[in-house]
Amino acid sequence: MDYRKTNAPTTTITRDMMDLCKDTGNVYETVAIIAKRANQISVEIKNDLSKKLAEFASYNDNLEEVFENREQIEISRYYEKLPKPTLIATQEYIEGKIYYRNPAKEKDKLQ
């Protein structure tokens, strides 16, 4: 997933938690849903970054290292400018892009 194309803000925004928890009816459940999604996004971003930086891994020192570092710096800057995973997850939750379920509530409905 290209996280640059998300319309999540890059800075922190104060949000009304009562508006966010309308779907679940519970603030803590809403925060848990957003936190789990943020962890998933964080792992995906970390894996992408690790794959791209693995190309630059060298086990011997040489003069070309200065030129290779420029590319590494550009890749690192790209990932630093991305919105934080919590902001992306919150935006996905607001837009309704996150699927979630609570097995405890489903169990109560079945009985």
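Heads up: these notes are all about the structure in this document. Since the model is a prediction, treat every value here as computed from it, not as a measurement. (Residues numbered from 1 in each chain as written. Predicted model: local features only at pLDDT ≥ 70, side-chain atom pairs only at ≥ 80, totals over all residues. Heavy atoms only, no water.)

### Focus on the overall build of the protein chain
Here is step 1 of the chain: Scanning the protein chain from terminus to terminus reveals five helices and zero strands.
Here is step 2 of the chain: Taking all 111 residues of the protein chain together, the buried fraction comes to 25%.
Here is step 3 of the chain: Taking the intrachain contacts of the protein chain between residues at least 6 apart in sequence as the baseline, contacts between residues at least 24 apart amount to 76%.
Here is step 4 of the chain: Accessible surface for the protein chain amounts to roughly 8,700 Å². Of this, 53% is attributable to carbon and sulfur atoms. (Helix = DSSP H or I, 4+ residues; strand = E, 2+ residues; numbered from the N terminus. Buried < 20%, exposed > 50% of the residue type's maximum accessible area, 1.4 Å probe, protein only. Contact = heavy atoms within 4.5 Å. Areas by Shrake-Rupley, 256 points an atom, 1.4 Å probe, with all protein chains shown as cover.)

### Thoughts on the side chain of Thr24
Here is step 1 of the chain: By the element assignment, Thr24 lies in the loop between helix H1 (17-20) and helix H2 (27-54).
Here is step 2 of the chain: Using a relative accessible area of 11% as the deciding quantity, one classes Thr24 as buried.
Here is step 3 of the chain: At 2.6 Å, the side chain of Thr24 and the side chain of Thr30 are in polar contact.
Here is step 4 of the chain: Sequence-distant contacts of Thr24, that is, excluding residues within four places in its chain, are made with Glu29, Thr30, Ile33, Tyr93, Tyr100 and Lys105. (Polar contact = N/O pair within 3.5 Å; in protein donor to acceptor, adjacent residues only side chain to side chain.)

### Brief notes about the pattern of salt bridges
Here is step 1 of the chain: Summed over the entire model, instances satisfying the criterion amount to five salt bridges.
Here is step 2 of the chain: The partner of Asp19 in a salt bridge is Lys22, with the nearest N and O atoms 3.6 Å apart.
Here is step 3 of the chain: Among the residues examined, Lys22 registers a relative accessible area of 63% and is labelled exposed.
Here is step 4 of the chain: With a closest N to O distance of 2.7 Å, Arg37 and Glu92 form a salt bridge. You can see Arg37 sitting in helix H2 and its partner Glu92 sitting in helix H4 (residues 85-95), a full 55 residues away along the chain.
Here is step 5 of the chain: In the salt-bridge network here, residues are joined through shared partners; they are Arg37, Glu44 and Glu92. (Salt bridge = Lys/Arg side-chain N within 4 Å of Asp/Glu carboxyl O.)

### Some points on the environment of Thr90
Here is step 1 of the chain: Looking at the secondary structure, you find Thr90 in helix H4.
Here is step 2 of the chain: For Thr90, a relative accessible area of 10% gives the class buried.
Here is step 3 of the chain: For the pair Thr90 and Ile33, spaced 57 residues apart in sequence, the C-alpha to C-alpha distance is 9.3 Å.

### Overview of the nonpolar core
Here is step 1 of the chain: In terms of nonpolar packing, the biggest core is built from 16 residues, with Tyr3, Ile41, Ile45 and Tyr93 touching the most fellow members.
Here is step 2 of the chain: Looking at this core, the elements that each hand over two or more residues are H2, helix H3 (65-81) and H4.
Here is step 3 of the chain: When residues in this core are grouped by element, the largest group, five residues, is from H2.
Here is step 4 of the chain: Once you skip the residues sitting within four places of it in the chain, Ile41 turns out to touch Tyr3, Pro85, Ile88, Ala89 and Glu92. (Core = buried A, V, L, I, M, F, W, Y, C linked by side-chain atoms within 4.5 Å.)

### Some thoughts on the packing of aromatic side chains
Here is step 1 of the chain: Scanning all chains against the criterion turns up two aromatic pairs.
Here is step 2 of the chain: Centre to centre, the rings of Tyr78 and Tyr79 are 5.1 Å apart; their planes meet at 85°, and the pair counts as edge-to-face.
Here is step 3 of the chain: Among the residues examined, Tyr78 registers a relative accessible area of 30% and is labelled partly exposed. (Phe/Tyr/Trp six-rings, centres within 6.5 Å; stacked < 30°, edge-to-face > 60°.)

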